[in-house]
Structures are given as C-alpha cells and as structure tokens.
Amino acid sequence: MRVAYDLTALHDPRTGIGAFTGELLTRLARHDNLDLIGYSASWRGRHDVASLAPPGVDVATRPMAAQPLRQVWRRVDWPPITWWTGAVDLVHGPNFVVPPGDGAVELMTVHDLTFVHYPELCKRDVLQFPGLIERALRRGAHVHAVSDFVGREVVDVFGVSDDRVHVVPNGVDPIVPGDARRGRTAAGGDRLILAVGTIEPRKDYPLLIAAFDEIASTDAEVRLVIAGQDGWGVAAFDAALQSARHRDRVVRLGFVSDETRADLLAAASVFAYPSRYEGFGLPPLEAMSAGVPVVATRTGALPEVLGDAARFVEPGDRDDLAGALDDLLRGDEELVARGRTRASAYSWDACADGVVELYDRLC
C-alpha cells in the first residue's frame, strides 16, 4: 500500500501534534506492507524536508506553500497531492488538513476542536481548519480521532456519519528515569509543582500562577516550574507573572530537552495540567508514567484519557486548583500507582498498529 504522509508538523519542536506526527511515522515505517512517501506543505522549510523522515520513508521534495494551497483547497479539490507524490492509495494528514487525493482514500487526524469552541484562543492559520475539514468531508474523506470524545464532537459539529470517524488513541512513551538532583538544580529548589507544555491561552497558565501564588503564601519552599516554548498570547502569561506576589519562585524554562524533562519529572512533587480544553492529553500521561501525581481539569477528553488516575478540578477555578495541588504536594502513593497503570495502557506501537489496520480497512 502506497501512503502519502504529511511531515509539515516536524519542522517545529516535537511537542503536541509534532510529537504525534513523528512517533506515528517512525512506527509506520517499520511496517513492511506500507510504502511511505512524505510531503511537507512548508515553503519556509522546503530545503529541510529530506531530513525530516526516518529511514524507509521516501520524501517528495518539490516545494509546497501551505497558505496559498490551503486557500485553494478550501474552495476547490485541486491541486491533488499526486502532483508531488505520484500515485498513492491513501493520503494521511496527521495535522487536521488532508489534500485532495486524486482518487486515493483521504484520512485526516483531528486532535481537538478548539477552533470551534474557543476561536479566540486560536491563531489565524488554525481558524482555517473548519473550512478545510468541511471541504475534505464533502470529498468523502475519513477522520481519525485521537479519543472517543473528539470522535463524538466531529460527528456532532460537522454532521458526518459515525462510520467515517475512526478512533485510535495516541500513545505515550514511558519516561526514561531522570536525575532528580539535576531537576532540582534546574528548578532552584526541592519542592516542585511542574507544568510542561507550550505557553498559549488554552493551557491557562495565568490561572496556574494565581493558584501557585495562593499556595506559596503559606509554603515558603514550594516552587512552580513551567517548561514549554512560547506559543502565542504570551502577554497574558507575562502579566500574570508580574502581578504574582511570589513570582521569584516561578521558574520559566522555555523548551527543554527530553533529558531535562525527565530530570524535572524525577524531581517534581506534583504535575499541573490546568487546560481549558483538550482532545487527548499527552503531558499528564507522561507524568503518570514517571510516577508523578497529576492534577488536571475536568474538561474535554481528559476524564476519558486519565480515568481514575488523576485528581480533577473544575476549569478556571483557582481555589479548586490550589487546593488540589496543595493536597498532592504531601504525596499520594495510591494515585501514583494508578497513574503508572493508566499510562501503561497507551503505547505508540499500539497506536501505529491501529492506524495501519485502519489504512487496510479503508483501502
């Protein structure tokens, strides 16, 4: 089976969708029944495409420009991906957008519907997704949803029949044990509340800073560590930090390596995930696999994915979040054990096997 696969998300640091795209592709390349050809709709990254794919994956190097193509694809079913890849049996867009397949099966992965529910939290290019999804669905495209929650939302919002929406959950790689001493050194303290993820409005870090400020007023040792690259809407984060009474104990590390992330998890007392909306939730699962108790918001797919292995709080509720974090700073071995068990139920190998089975069924 010849499959065209979108590499565009791999140009950026591999967090979130980039991590999904890369982890899945690496494992798809191990399947002997697939002939994979990668493509990238990135004019800026047109010279780097060949370096993005793992061994065993061919690459289409003819340049593609994302914005002009998306503007066209929202209106007409042209040009087809075969202009760049040659004939294929299936084209998979792992980041919401699937181009016209010229007769090939079209499959797009939908990670969440933030652009529908919270358009004010989205950048302009993300706001193009509804039109692109609708156009692809009119062509007969199928949807890969990363959770049952997202699958139900796609059916409800876009009015597509549920036999064209297929759920295959994400995986999670067990975190290689880190060095707690190095993690404490990076944080500048011994008692850590850790958050990992891009700084953007949906993650609601201003709420986390406010909740931490409340805890820090009675706990002189605790520190809040936020590891994640700047996304957009950073001004709200900066404003919240500047207004915090205990901002000297908020450590902002930016994007960190896998090794440093493992060290921080080894040192952390509790992991905070106060997102306003999620289609899956990889960071809290990674924290669970590392034996860190998790506080997460009761929103989106998080209850489905995390099950009984997290302490849930209401989105936007500072006091609820502060109380839960304060409780878990004292430890909860039972929650840690449930977290390890929960995280072990997800793997990228199982995700890839499920996607390959889906390819076979659709073709």
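Data block above holds the structure.
So, here's what we can say about the structure. Position numbers for residues count from 1 along each chain, tracking the sequence in the order it is written. It should be noted that, the model being predicted, local features are given only for residues of pLDDT at least 70 and side-chain atom pairs only at 80 or more, the latter also being counted only at that level, while totals for whole chains, interfaces and linings use all residues. To get the side-chain values, all heavy atoms of the structure are used, and hydrogens and water are removed first.

## Here's the deal with the nonpolar core
Here is a general trend for soluble globular proteins: nonpolar side chains tend to be buried in one another's company.
No. 1: By size, the foremost hydrophobic cluster in this structure holds 98 residues, and its most contacted members are Leu 28, Ile 133, Phe 271, Leu 285, Leu 306 and Tyr 359.
No. 2: It is helix H15 (residues 348-362) that provides the largest number of residues to this core, a total of eight residues.
No. 3: Two residues qualify as a contact provided that any one of their heavy atoms is within 4.5 Å of a heavy atom in the partner residue. For Leu 285, the residues in contact, after removing those within four places along its chain, are Val 172, Phe 280, Val 305, Leu 306, Arg 342, Ala 343 and Tyr 346.
No. 4: Counting 31 residues, the second largest nonpolar core, distinct from the first, contains Leu 208, Phe 212, Leu 241 and Leu 328. Buried Ala, Val, Leu, Ile, Met, Phe, Trp, Tyr and Cys residues form a nonpolar core when they are joined through side-chain atoms within 4.5 Å. Buried means the residue's accessible area, taken with a 1.4 Å probe over protein chains only, is under 20% of the maximum for its type, while exposed means over 50%, and partly exposed covers the values in between. Numbered from the N terminus, helices here are DSSP runs of H or I no shorter than four residues, and strands are runs of E no shorter than two.

## Brief notes about the sheet that holds strand S8 (residues 191-196)
No. 1: Ordered in space as S10-S9-S8-S11-S12-S13, the six strands form an open sheet in which the pairing is parallel. Every interior strand has two partners, whereas the edge strands, strand S10 (250-252) and strand S13 (311-313), have only one. Each strand axis lies, on average, 25° off the axis of its neighbour in the sheet, ignoring direction.
No. 2: Any two strands with at least two DSSP-identified bridges between them are counted as paired. With three bridges connecting them, strand S12 (residues 294-297) and S13 associate as parallel partners. Working convention: axes come from line fits to C-alpha atoms, limited for helices to the stretch in contact. Angles between N-to-C directions cover 0 to 180 degrees.

## With respect to the packing of helix H1 (residues 17-28) against H15
No. 1: Where H1 meets H15, the closest approach of the two axes is 9 Å, and the angle between their N-to-C directions is 70°. Considered as vectors, H1 and H15 are oriented roughly perpendicular to each other. Here H1 contributes Phe 20, Glu 23, Leu 24, Arg 27 and Leu 28 to the contact with H15, which in turn contributes Trp 348, Asp 349, Cys 351, Ala 352, Val 355, Val 356 and Tyr 359.
No. 2: When residues are grouped by polarity, Ala, Val, Leu, Ile, Met, Phe, Trp, Tyr, Cys and Pro land in nonpolar, Asp, Glu, Lys and Arg in charged, and all others, Gly among them, in polar. Among the residues making up the contact of H1 with H15, the classes are represented as nine nonpolar, no polar and three charged. Should an angle fall under 35 degrees it is taken as roughly parallel, and over 145 as roughly antiparallel, whereas 65 to 115 is taken as roughly perpendicular and any remaining angle as oblique.

## Focus on the environment of Thr 85
No. 1: When you line up the elements, Thr 85 lands in helix H3 (residues 82-85).
No. 2: Each C-alpha atom of the pair Thr 85 and Gly 171 lies 28 Å from the other, and the pair is 86 residues apart in sequence.

## As for helix H9 (residues 234-243)
No. 1: Along H9, the residues classified as buried are Val 234, Phe 237, Ala 240 and Leu 241. Buried residues of H9 fall within an arc of 125° about the axis and therefore sit on the same side. In H9, the exposed positions that point more than 90 degrees away from the buried face belong to Ala 235, Gln 242 and Ser 243.
No. 2: On the buried face of H9, the contacting elements are helix H8 (205-216), strand S9 (222-227) and S10. Each direction from the helix axis to a C-beta atom contributes to the arc, which is the arc of those directions.

## Comments concerning the environment of Asp 230
No. 1: Among the structural elements, Asp 230 can be located in the loop between S9 and H9.
No. 2: Judged by relative accessible area, which is 46%, Asp 230 ranks as partly exposed.
No. 3: On a C-alpha basis, the gap between Asp 230 and Leu 335 in space is 31 Å, while along the polypeptide they are 105 residues apart.
No. 4: Setting aside its immediate chain neighbours within four residues, Asp 230 contacts Thr 198, Ile 199 and Arg 252.
No. 5: Here a polar contact is taken to be a pair of N or O atoms separated by no more than 3.5 Å, where protein atoms must pair a possible hydrogen donor with a possible acceptor and residues adjacent in sequence count only if both atoms sit in side chains. There is a polar contact of 2.7 Å between the side chain of Asp 230 and the side chain of Arg 252.

## So, the sheet that holds strand S7 (residues 165-167)
No. 1: One open sheet holds the seven strands; their spatial order is S3-S2-S1-S4-S5-S6-S7, and the pairing between them is parallel. Each edge of the sheet is formed by a strand with only one pairing partner; in this case those strands are strand S3 (58-59) and S7.
No. 2: The sheet contact formed by strand S1 (residues 2-6) and strand S4 (residues 90-93) spans three bridges and is parallel. Residue pairing for S4: Val 3 is matched across the bridge by Leu 90.
No. 3: Against the sheet, H1 engages S1, strand S2 (35-39), S4, strand S5 (105-110) and strand S6 (142-145), with an angle of about 160° to S1.
No. 4: Of the strands in this sheet, S5, S6 and S7 touch helix H6 (residues 148-158), which is tilted by about 170° from S7.

## A closer look at the state of the cysteines
No. 1: For this text, the term disulfide refers to a pair of cysteine sulfurs within 2.5 Å. Under the defined criterion, the tally for this structure stands at zero disulfides.
No. 2: As a non-bridged cysteine, Cys 351 has Cys 363 as the owner of its nearest cysteine sulfur, 17 Å distant.
No. 3: The class of Cys 351 is buried, set by a relative accessible area of 1%.

## Digging into the side chain of Thr 85
No. 1: Overall, the relative accessible area of 5% leaves Thr 85 in the buried class.
No. 2: Not counting chain neighbours up to four residues away, the residues in contact with Thr 85 comprise Arg 2, Ala 4, Ile 37, Tyr 39 and Ala 60.

## Looking at unusual backbone geometry
No. 1: Geometrically, the link from Trp 78 to Pro 79 is a cis peptide bond, its omega value of -5° lying close to zero.
No. 2: Secondary-structure assignment places Pro 79 in the loop between helix H2 (66-73) and H3.
No. 3: Unusually for a residue other than glycine, Asp 204 sits at a positive phi of about 55°.
No. 4: When you line up the elements, Asp 204 lands in the loop between S8 and H8.

As far as function goes, none of this settles anything; it's purely spatial.
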